[in-house]
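# Structure assessment
The residues making up each chain are set out below.
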Amino acid sequence: MTPGRLGEILGLPPIPQGTWAEEALYVSPAALRRGEAPGEMAARLRALPGIADVRVRADGFLEIAVTVPGELVVELTGTVSPDSPASTAPPASPALPDTAVSPWTDAPGTWSNPGFVVKYAHVRAVAVRRWAAELGVGGRFRPESLDGRWDRAVLRLLAEVHGRRASRDPGWAAYTERLALAYHDAFERAAVLPMGDEEPSPLHTARVELARAVRAVLAEGLAALGETAPDRL
């Protein structure tokens, strides 16, 4: 179950909650907004595939736990289904808005510059696919493979993009900075590609697809801020 699909069912994008370290959780006021009994809506949601649990809070909000958080990667990359090849071409970067003004400066090219941090994360995500092709990483994308701590931290932030797209004040700058930092952590702590004589695995394929989703969302945020998403620095 993906945030986009949940948004269609609920009538508004769900809000990711918590760290997702143990449970991939969304919160939604959909029942209250529709004037429905929260318990009845919760019961209907529990019957859907991909839903692990639905709890009703005291304030009437629904807490919705999904079984495979990595499925949202499929939605963000345009892959047709979890059984589609990981080599599908990435979606095109959005066009730059005419009135957007970047909040960042070009220099310095160091970690102290948030703009550099975001652009470097995009460059890394682009490079992952290039390196993966050279190392023969491919096969079918299995979203359930993205179950490690660092992968889940990136997924948690990617899950926010639907709500930000629908918001009058999406806060792209702060959001892309947080996503970039999470991706840098994942890149450095959870091996994306095989090392040494290691054979490519489904986990490598899944992390390449995760990089593809990060690339797409960072490019979208950069475009909204009047920045061109670089492939190299």
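None of the values given here were measured: they were computed from a predicted structure. Within every chain, residues take consecutive numbers counted from 1 along the sequence as written. This being a predicted model, a pLDDT of at least 70 is required before a residue's local features are given, and a value of 80 or more before pairs of side-chain atoms are given or counted; all residues contribute to the totals for chains, interfaces and linings. Computation of side-chain values: all heavy atoms of the structure, hydrogens and water removed.

## With respect to the packing of helix 5 (residues 114-135) against helix 8 (residues 172-189)
- Between N-to-C directions, angles span 0 to 180 degrees; the directions come from axes that are lines fitted to C-alpha atoms, helices contributing only their stretch in contact. Every helix listed is a DSSP run of H or I at least four residues long, and every strand listed is a run of E at least two residues long, numbered separately from the N terminus. Between helix 5 and helix 8, whose axes approach to 9 Å, the crossing angle comes to 45°. Taken together, the axes of helix 5 and helix 8 are oblique relative to one another. Relative to helix 8, the crossing made by helix 5 is left-handed. In contact with Pro114, Val117, Val118, Tyr120, Ala121, Arg124, Ala125, Val128 and Trp131 of helix 5, helix 8 contributes Thr176, Glu177, Ala180, Leu181, Tyr183, His184, Phe187 and Glu188.
- Each residue gets one of three labels, nonpolar for Ala, Val, Leu, Ile, Met, Phe, Trp, Tyr, Cys and Pro, charged for Asp, Glu, Lys and Arg, and polar for the others, Gly among them. A per-class count over the contact of helix 5 with helix 8 returns twelve nonpolar, two polar and three charged. Roughly parallel covers angles under 35 degrees, roughly antiparallel covers those over 145, roughly perpendicular covers 65 to 115, and oblique covers all other angles. Left-handed describes a crossing whose near helix is turned anticlockwise from the far helix through less than a right angle; right-handed describes the clockwise counterpart. In what follows, residue pairs with any heavy atoms lying within 4.5 Å of each other are defined as contacts.

## Quick notes on the pairing of strand 4 (residues 62-66)
- Burial classes follow relative accessibility: with a 1.4 Å probe on protein chains only, a residue under 20% of its type's maximum area counts as buried, one over 50% as exposed, and anything between as partly exposed. Most of strand 4 sits out of view: five of its five residues are buried.
- Burial of the side chains of strand 4 extends over both faces: Leu62, Ile64 and Val66 are buried on one face and Glu63 and Ala65 on the other.
- Across five bridges, strand 2 (residues 24-28) lies against strand 4 in antiparallel orientation. Across the sheet, the residue bridging to tyrosine 26 is isoleucine 64, located in strand 4.
- Alignment of strand 3 (residues 51-56) against strand 4, held across five bridges, turns out to be antiparallel. By the bridge assignment for strand 4, arginine 55 is matched with glutamate 63.
- Any two strands between which DSSP finds at least two bridges are classified as paired. Between strand 3 and strand 4, which follow one another and run antiparallel, lie five residues, and glycine 60 among them has a positive phi close to 90°.

## Comments concerning the pairing of strand 2
- Here strand 2 lies mainly inside the structure; five of its five residues are buried.
- Neither face of strand 2 is left uncovered, since the one carrying Ala24, Tyr26 and Ser28 and the one carrying Leu25 and Val27 both have all their residues buried.
- Of the pairings in the sheet, the one linking strand 1 (residues 15-17) to strand 2 comprises three bridges and is antiparallel in character. Counterpart to proline 16 in the pairing with strand 2 is tyrosine 26.
- Adjacent in sequence and paired antiparallel, strand 1 and strand 2 are bridged by six residues, among which glycine 18 carries a positive phi angle near 75°.

## Quick notes on the environment of tryptophan 104
- Mapped onto the elements of the fold, tryptophan 104 is located in the loop between helix 4 (72-77) and helix 5.
- Of the residues examined, tryptophan 104 reaches a relative accessible area of 11% and is grouped as buried.
- With 42 residues separating them along the chain, tryptophan 104 and leucine 62 place their C-alpha atoms 38 Å apart.
- Other than its neighbours up to four places away in sequence, tryptophan 104 contacts Asn113, Pro114, Gly115, Val118, Ala173, Thr176, Glu177, Leu222, Leu225 and Glu227.
- Pairing of N or O atoms within 3.5 Å defines a polar contact, subject to two protein rules: one partner must be a possible hydrogen donor and the other a possible acceptor, and residues neighboring in sequence count only if both atoms are side-chain atoms. Reaching out from tryptophan 104, the side chain makes a polar contact with the side chain of glutamate 177 at a distance of 2.9 Å.

## Regarding unusual backbone geometry
- Of note, the amide linkage connecting alanine 107 to proline 108 takes the cis form, showing an omega dihedral of 0°.
- As for its position among the elements, proline 108 is in the loop between helix 4 and helix 5.
- Unlike most non-glycine residues, tryptophan 20 shows phi in positive territory, near 70°.
- Inspection of the secondary structure puts tryptophan 20 in the loop between strand 1 and strand 2.

## As for the pattern of salt bridges
- Here, a salt bridge means any side-chain nitrogen of Lys or Arg that lies within 4 Å of a carboxyl oxygen of Asp or Glu. The tally for this structure, following the rule as stated, stands at 20 salt bridges.
- The residue aspartate 106 makes a salt bridge to lysine 119 at a minimum N-O spacing of 3.8 Å. Taken together, the positions of aspartate 106 in the loop between helix 4 and helix 5 and lysine 119 in helix 5 put the pair 13 residues apart, joining distant regions of the chain.
- A relative accessible area of 68% means that aspartate 106 is categorised as exposed.
- Of the charged contacts, one joins arginine 164 and glutamate 160 as a salt bridge, the two residues approaching to 2.9 Å between their closest N and O atoms.
- Each of Glu23, Arg46, Asp53, Arg55 and Glu63 takes part in salt bridges that share partners, so that together they form one network.

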